[in-house]
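Now for the letters of each chain:
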Amino acid sequence: DVKVTQSSRYLVKRTGEKVFLECVQDMDHENMFWYRQDPGLGLRLIYFSYDVKMKEKGDIPEGYSVSREKKERFSLILESASTNQTSMYLCASSSWREKKNIQYFGAGTRLSVL
Amino acid sequence: QQQVKQSPQSLIVQKGGISIINCAYENTAFDYFPWYQQFPGKGPALLIAIRPDVSEKKEGRFTISFNKSAKQFSLHIMDSQPGDSATYFCAASVYNQGGKLIFGQGTELSVKP
């Protein structure tokens, strides 16, 4: 069974802290994605990666960076957390091998920045 | 041009009724249109998807209607059940853009018993 695991369900951080959100997938997928979900705005793509050590900016990359040192792990980094980064963060993965473009999501990390 | 616009933002339907959620897009290069379903506390999961070579796809109580000329597509949930209460997202993609999906704003559906 397909599994995308996000390391934390809830996080509370202080303004200015460096925050790491971790995502691991066990499906040997090439592609991984980070989204943030806000009411009325849907899912907005922050960064994505097609391969190890590769990364591409999504629609809202400002204030974020990512790291993909291993195929199964994709980390989202908030260099200096701000209150406007309080949100639900979702990780997803997909594979070129599948005929259909299906993204598999983790359960999300709800981040509060105080 | 990359946007997908979804409406309504929220929807309340009586049990047994039909739920209809609409989406519109601008980019004519989009060639794959999935719908994702998200229950509280869970990540979104693929519900049903359509390619532009057909006008309708049905899976059980869920149907996608696709209007290529109007650049619109919609999700119909027949005989809606309380267990269908969830947030629904439409999405669109261009396959050669590496699986990147453009999501709509989401619709929170509540089915009342």
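Computed from a predicted structure; not experimentally measured.

Caption draft 1: Layout of the packing of aromatic side chains. In total, this model carries 18 aromatic pairs over all chains according to the counting rule given. Arranged with centres 6.3 Å apart and planes meeting at 85°, the rings of B:F89 and B:F103 form a pair that is edge-to-face. Of the two residues, B:F89 sits in strand 9 (residues 86–93) while B:F103 sits in strand 10 (residues 101–103), which places them 14 residues apart along the sequence. A relative accessible area of 1% means that B:F89 is categorised as buried. We classify B:F103 as buried; its relative accessible area is 6%. Each member of the aromatic cluster is reached from another via a ring pair, and the members are A:F33, A:Y35, A:F48, A:Y50, A:F105, B:Y36, B:F89 and B:F103.

Caption draft 2: Representation of the interface of chain B and chain A. The interface is formed by 20 residues belonging to chain B together with 23 residues belonging to chain A. For the pair chain B and chain A, the summed buried area comes to about 1,800 Å², and 55% of that belongs to carbon and sulfur atoms. Linking chain B with chain A are zero salt bridges, by the criterion used here. The interface formed by chain B and chain A contains four residue pairs in polar contact (both at pLDDT 80 or more). Every element with two or more residues in the side of chain B that touches chain A is listed here: strand 4 (33–38), strand 9 and strand 10 of chain B. Within the side of chain B that touches chain A, the residues separate by chemical class into eight nonpolar, 10 polar and two charged.

Caption draft 3: Looking closely at the sheet that holds strand 3 (residues 19–25) of chain B. Residues and elements named next belong to chain B. Read from one edge of the open sheet, five strands run 1-3-8-7-6, paired in antiparallel fashion. The open sheet has two free edges, formed respectively by strand 1 (4–7) and strand 6 (56–59), since each of these has just one partner strand. Going from strand to strand, the sheet's axes swing by 15° on average, the running direction of each strand aside. Here strand 3 runs beside strand 8 (residues 72–77); their pairing, made up of six bridges, is antiparallel. Paired with N22 across the strands is S74, a residue of strand 8.

Caption draft 4: Examining a nonpolar patch on the surface more closely. Residue and element names in this part refer to chain B. A surface patch of nonpolar side chains, amounting to about 240 Å² of accessible area, comprises I18, I20 and M78. Following the sequence through the fold, M78 ends up in the loop between strand 8 and strand 9. On the accessibility criterion, M78 (34% relative accessible area) is partly exposed.

Caption draft 5: Summary view of the side chain of B:T63. If you trace the backbone, B:T63 turns up in strand 7 (residues 62–67). Among all residues touching B:T63, those that are not within four sequence positions of it are B:E56, B:K57, B:K58, B:S74, B:L75 and B:H76.

Caption draft 6: Expanded view of the pattern of salt bridges. All names here are of chain A. Within this structure, the stated rule accounts for nine salt bridges over all chains. A salt bridge links K18 to E79, with the nearest nitrogen and oxygen atoms 3.5 Å apart. Of the two residues, K18 sits in the loop between strand 2 (10–13) and strand 3 (19–25) while E79 sits in the loop between strand 8 (73–78) and strand 9 (87–94), which places them 61 residues apart along the sequence. Two residues, E69 and K53, come together in a salt bridge whose shortest N-O distance is 2.4 Å. Residue E69 is located in strand 7 (residues 64–70), and its partner K53 is located in the loop between strand 5 (42–49) and strand 6 (56–57); the two are separated by 16 residues in the primary sequence. A relative accessible area of 52% places E69 in the exposed class.

Calculation notes
- Residues numbered from 1 in each chain as written.
- Chains lettered and ligands numbered in written order.
- Predicted model: local features only at pLDDT ≥ 70, side-chain atom pairs only at ≥ 80, totals over all residues.
- Heavy atoms only, no water.
- Phe/Tyr/Trp six-rings, centres within 6.5 Å; stacked < 30°, edge-to-face > 60°.
- Helix = DSSP H or I, 4+ residues; strand = E, 2+ residues; numbered from the N terminus.
- Buried < 20%, exposed > 50% of the residue type's maximum accessible area, 1.4 Å probe, protein only.
- Contact = heavy atoms within 4.5 Å.
- Buried area = accessible area lost by both parts, 1.4 Å probe.
- Salt bridge = Lys/Arg side-chain N within 4 Å of Asp/Glu carboxyl O.
- Polar contact = N/O pair within 3.5 Å; in protein donor to acceptor, adjacent residues only side chain to side chain.
- Nonpolar A, V, L, I, M, F, W, Y, C, P; charged D, E, K, R; others polar.
- Pairing = 2+ DSSP bridges.
- Axes fitted to C-alpha atoms, helices over the stretch in contact; angles between N-to-C directions.
- Patch = residues over 30% accessible without salt bridge, like charges linked within 9 Å, V, L, I, M, F, W, Y side chains within 5 Å.
- Areas by Shrake-Rupley, 256 points an atom, 1.4 Å probe, with all protein chains shown as cover.

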